[in-house]
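A closer look at the structure
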Amino acid sequence: MTRTNNLADGQERLVIPPARIAAERAYRVQLMTQRGRLKQLCAELQNMRSDDSVRLDASKITHLEAAAQLENIEARLDSIDLALSRLREGQFGLCVECGNEIPTERLEARPDASLCVPCCQQPRRSR
Ligand SMILES: [Zn+2]
């Protein structure tokens with residue numbers, strides 16, 4: 001008996017353990033929830049920028065701050081989208097630089113993390 005799966009596309013893949021499938025499902029839910037929340041924030045900030053009549057005193061946020069926040073949120077959304085595509089491709093939890101596994105604690109703190117700790121600490125940053 002062999003342990004390889006012959007898939008329809010002829011590729012052989014390792015059998016994914018059920019614990020990992022469950023964990024990935026949990027990460028997906030977490031990512032989708034964050035994504036929804038950020039999209040909403042994004043929309044609110046965009047409204048704020050386009051509407052000068054918004055009472056800025058009450059919200060204690062300036063247009064500049066709104067723009068800066070919007071930029072952060074958009075970057076985070078990109079990062080979440082990338083994490084979701086890594087989930088789809090079975091690459092989730094692997095460092096995009098070196099291919100090593102990203103520690104679970106790191107993924108739990110930030111499921112859209114794309115780098116392992118050593119790669120993250122390197123001075124060279126792609127963005
Ligand atoms: Zn790495």
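In the block above lies the structure referred to throughout.
As the structure is a prediction and not an experimental result, all values here were calculated from the model.

1. Notes on the overall build of the protein chain
The helix and strand tally for the protein chain stands at five helices and two strands. Per-residue burial for the protein chain yields a buried fraction of 9% across its 127 residues. Considering only residue pairs separated by 6 or more positions, the protein chain has 49% of its internal contacts joining residues 24 or more positions apart.

2. Considering helix α3 (residues 63–89)
Helix length check: α3 (27 residues) gives 39 Å between terminal C-alpha atoms against 39 Å at 1.5 Å per residue, within 8%. Directly beyond the C-terminal end of α3, a positive phi value near 75° is found at Gly90.

3. A few points about the environment of Ile102
Within the element layout of this structure, Ile102 appears in the loop between α3 and α4 (104–109). Overall, Ile102 belongs to the buried group, with 21 C-beta atoms counted inside 10 Å. Sequence spacing of Ile102 and Ala113 is 11 residues, and the spatial spacing of their C-alpha atoms is 8.0 Å. Ile102 has contacts with Gly93, Leu94, Cys95, Leu107, Ala113 and Cys116, leaving out every residue within four places of it along the chain.

Conventions used here
- Note on numbering: residues in each chain are counted from 1, in written sequence order.
- Only residues with pLDDT of at least 70 are given local features in this predicted model, and only at 80 or more are side-chain atom pairs given and counted; all residues enter the totals for whole chains, interfaces and linings.
- For helices the rule is a DSSP run of H or I covering at least 4 residues; for strands it is a run of E covering at least 2, with both sets numbered from the N terminus onward.
- In this scheme the burial state of a residue depends on its C-beta neighbours within 10 Å: 20 or more other such atoms mean buried, 12 or fewer mean exposed, and anything in between means partly exposed; the C-beta positions come from the backbone.
- Contacts here follow a simple rule: the backbone-placed C-beta atoms of the two residues must lie within 7 Å.
- How far a helix is expected to stretch is found by multiplying one less than its residue total by 1.5 Å.

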